[in-house]
Amino acid sequence: MDNLILKVVDNEGVRIDKYLCGIQDLTRSKIQTLIKDGLVKVNGESVSSNYKVKSNDEIIINIPEVNVDDLLPENIPLNILYEDDDLIVVDKDKGMVVHPAAGNYTKTLVNALLYHFNNLSNNDDNIRPGIVHRIDKNTSGCLIVCKNDKAHNEIANQIKSKKCHRTYIALVHGVIEHETGTINAPIGRSKHDRQKMCVTDINGKEAITHFKVLKRFVNHTLIECELETGRTHQIRVHMQYIKHPIVGDDKYSYSNTRKDTNGQMLHAIKIQFNQPTNGKLIVVESKLPLYFEEILKDIEKNG
């Protein structure tokens, strides 16, 4: 069982189930279940879901480990962009969680993979078979899944050594004047909101995002981003940092951002790597989702 320790530094007076919602992808209902089961303690004491947090409260969440026996294969359709003996590249749908977590054992990409494939890498992590890197729930597009541990380790090394290139398309608020740019700003967990990441020198790790402008609209810009590093929420945090947050982003964008996007307009459009066994260069591309294309048309027409 993993322990997550938090200290309240903001949002004093908010119900604890609301305050903790989103941490490690825990929904409010899952938080309420953990509280009911006595797995959430404040200053060493059990509380109810309607407890209102106070400044300097120490909250300990005991998150049960996911048991591999809880992972069930599910017949969820997958769009396979590329496949060989070592790996596949999936075109992940927006809204799909990549792997199970406490209280969320179903409808993830892993559940679908277990149904469609007999062999997936283990890499000493039974609850994430095949998963060598992740993209956020509401980010769509290219994701590598490995069929064996040798491929898993090789792709992981390519990501670490920056030999695996990941390209994204994003629609951001505001008009970016520069044609290209590089954001080199360390990212770490926000001390003010544990559900968010932020640019920080205190606990931040190196984060580098390159971008170029593809098209400008009256109040928005369509950009292409390439990751040099792979921090949690990296593009979302970096675009907020330069005051051009991603449209539809419910964590890092404006309160008046579009609500018809069901999350950030961010799509992993291309991934490039060397095939783990023969070293051949593999380039896989995904098309922009239909909703993305339709919103671009609407913005071009109506601003």
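The following refers to the structure shown.

Rules of the game
Residues numbered from 1 in each chain as written. Predicted model: local features only at pLDDT ≥ 70, side-chain atom pairs only at ≥ 80, totals over all residues. Heavy atoms only, no water. Helix = DSSP H or I, 4+ residues; strand = E, 2+ residues; numbered from the N terminus. Rg over C-alpha atoms; globule rule 2.2 N^0.38 Å. Buried < 20%, exposed > 50% of the residue type's maximum accessible area, 1.4 Å probe, protein only. Contact = heavy atoms within 4.5 Å. Areas by Shrake-Rupley, 256 points an atom, 1.4 Å probe, with all protein chains shown as cover. Pairing = 2+ DSSP bridges. Core = buried A, V, L, I, M, F, W, Y, C linked by side-chain atoms within 4.5 Å. Disulfide = S-S within 2.5 Å. Polar contact = N/O pair within 3.5 Å; in protein donor to acceptor, adjacent residues only side chain to side chain. Salt bridge = Lys/Arg side-chain N within 4 Å of Asp/Glu carboxyl O. Phe/Tyr/Trp six-rings, centres within 6.5 Å; stacked < 30°, edge-to-face > 60°. Lys, Arg positive; Asp, Glu negative; His and termini not counted.

## A word on the overall build of the protein
From N to C terminus, the protein includes six helices and 15 strands. What you see for the protein is a C-alpha radius of gyration of 20 Å, in line with the 19 Å of a compact globule of 303 residues. Taken over 303 residues, the protein has a buried fraction of 48%. At a minimum sequence separation of 6, the contacts of the protein that also span at least 24 residues come to 64%. For the protein, the computed accessible surface area is about 15400 Å², with 45% contributed by carbon and sulfur atoms.

## Quick look at the pairing of strand S12 (residues 208–216)
The pairing of strand S9 (residues 180–184) with S12 spans five bridges and is antiparallel. Within S12, the residue paired with Thr-182 across the bridge is His-210. Looking at chain direction, S12 and strand S13 (residues 220–227) are connected through seven bridges and run antiparallel. For His-210, the partnering residue across the bridge sits in S13 and is Glu-226.

## As for the nonpolar core
In terms of nonpolar packing, the biggest core is built from 44 residues, with Leu-113, Leu-171, Ile-223 and Phe-292 touching the most fellow members. When sequence neighbours within four positions are dropped, the list of residues in contact with Leu-171 reads Phe-217, His-220, Thr-221, Leu-222, Ile-246, Val-247, Met-265, Phe-292, Ile-295, Leu-296 and Ile-299. Core analysis: the next-biggest nonpolar cluster, separate from the first, contains 20 residues, Leu-4, Ile-31, Val-40 and Ile-61 among them.

## Some remarks on the state of the cysteines
A disulfide bridge is the covalent bond that connects two cysteines by way of their sulfur atoms. On inspection of all chains with the given rule, the structure shows zero disulfides. Considering cysteine sulfurs only, Cys-164 is the nearest to Cys-146, which forms no disulfide, with 9.8 Å between them.

## With respect to the pairing of strand S14 (residues 266–274)
Within a regular beta strand, the side chains point alternately toward one face of the sheet and then the other, so they alternate between its two faces. Across two bridges, the pairing between strand S7 (residues 140–146) and S14 is parallel. Bridging from a neighbouring strand, Ser-140 pairs with His-267 of S14. Pairing of strand S8 (residues 165–173) with S14, which is carried by six bridges, proceeds in the antiparallel orientation. Counted as the bridge partner of Ile-169 is His-267 from S14. Between S14 and strand S15 (residues 281–285), which pair antiparallel and follow one another directly, the connecting turn spans six residues, one of which, Gly-279, has a positive phi of 80 degrees.

## Structural notes on helix H5 (residues 234–241)
Side chains that are three or four residues apart share a direction in an α-helix, a result of its 3.6 residues per turn. Judged by how many residues are buried, H5 sits mostly within the fold: six of eight residues are covered. Directly beyond the C-terminal end of H5, a positive phi value near 65 degrees is found at Lys-243.

## Thoughts on the environment of Lys-147
Within the secondary structure, Lys-147 is located in the loop between S7 and helix H4 (149–160). Residue Lys-147 is classed as buried on the basis of its relative accessible area, which comes to 16%. With 27 residues separating them in the primary sequence, Lys-147 and Leu-120 have C-alpha atoms 3.9 Å apart. Excluding residues that lie within four positions of it along the chain, Lys-147 makes contacts with Glu-83, Asp-84, Asp-85, Asp-86, Leu-87, Ile-88, Phe-117, Asn-119, Leu-120 and Ser-121. Looking at Lys-147, its side chain comes within polar contact range of the side chain of Glu-83, at 2.7 Å.

## What about the pattern of salt bridges?
Tallied over the full model, the rule gives 12 salt bridges. For Asp-136, the salt bridge identified is with Arg-236, shortest N-O distance 2.9 Å. With Asp-136 in the loop between helix H3 (109–116) and S7 and Arg-236 in helix H5, this pair connects stretches of sequence that are 100 residues apart. The exposure class of Asp-136 is partly exposed, given its relative accessible area of 21%. Two residues, Arg-258 and Asp-260, come together in a salt bridge whose shortest N-O distance is 2.7 Å. Through salt bridges with shared partners, a single ionic network connects Arg-15, Asp-17 and Arg-28.

## Let's talk about the packing of aromatic side chains
Summed over all chains, the structure comprises one aromatic pair. Relative to Phe-292, the ring of Tyr-291 lies with its centre 5.9 Å away and its plane at 50 degrees, an arrangement referred to as tilted.

## A word on the side chain of Glu-74
Here Glu-74 lies in the loop between strand S4 (58–63) and strand S5 (80–83). Among buried charged residues, Glu-74 stands out as having no salt bridge; its nearest opposite-charge side chain is Lys-107, 6.6 Å away. Within polar-contact distance, the side chain of Glu-74 engages the backbone nitrogen of Lys-107 at 2.6 Å. When near neighbours in sequence (up to four residues on either side) are disregarded, Glu-74 contacts Tyr-105, Thr-106, Lys-107, Asn-111, Ala-112 and Tyr-115.

## What to know about the environment of Ala-268
For Ala-268, the position within the fold is in strand S14. Sequence-wise, Ala-268 and Thr-139 are 129 residues apart; in three dimensions their C-alpha atoms are separated by 7.3 Å.

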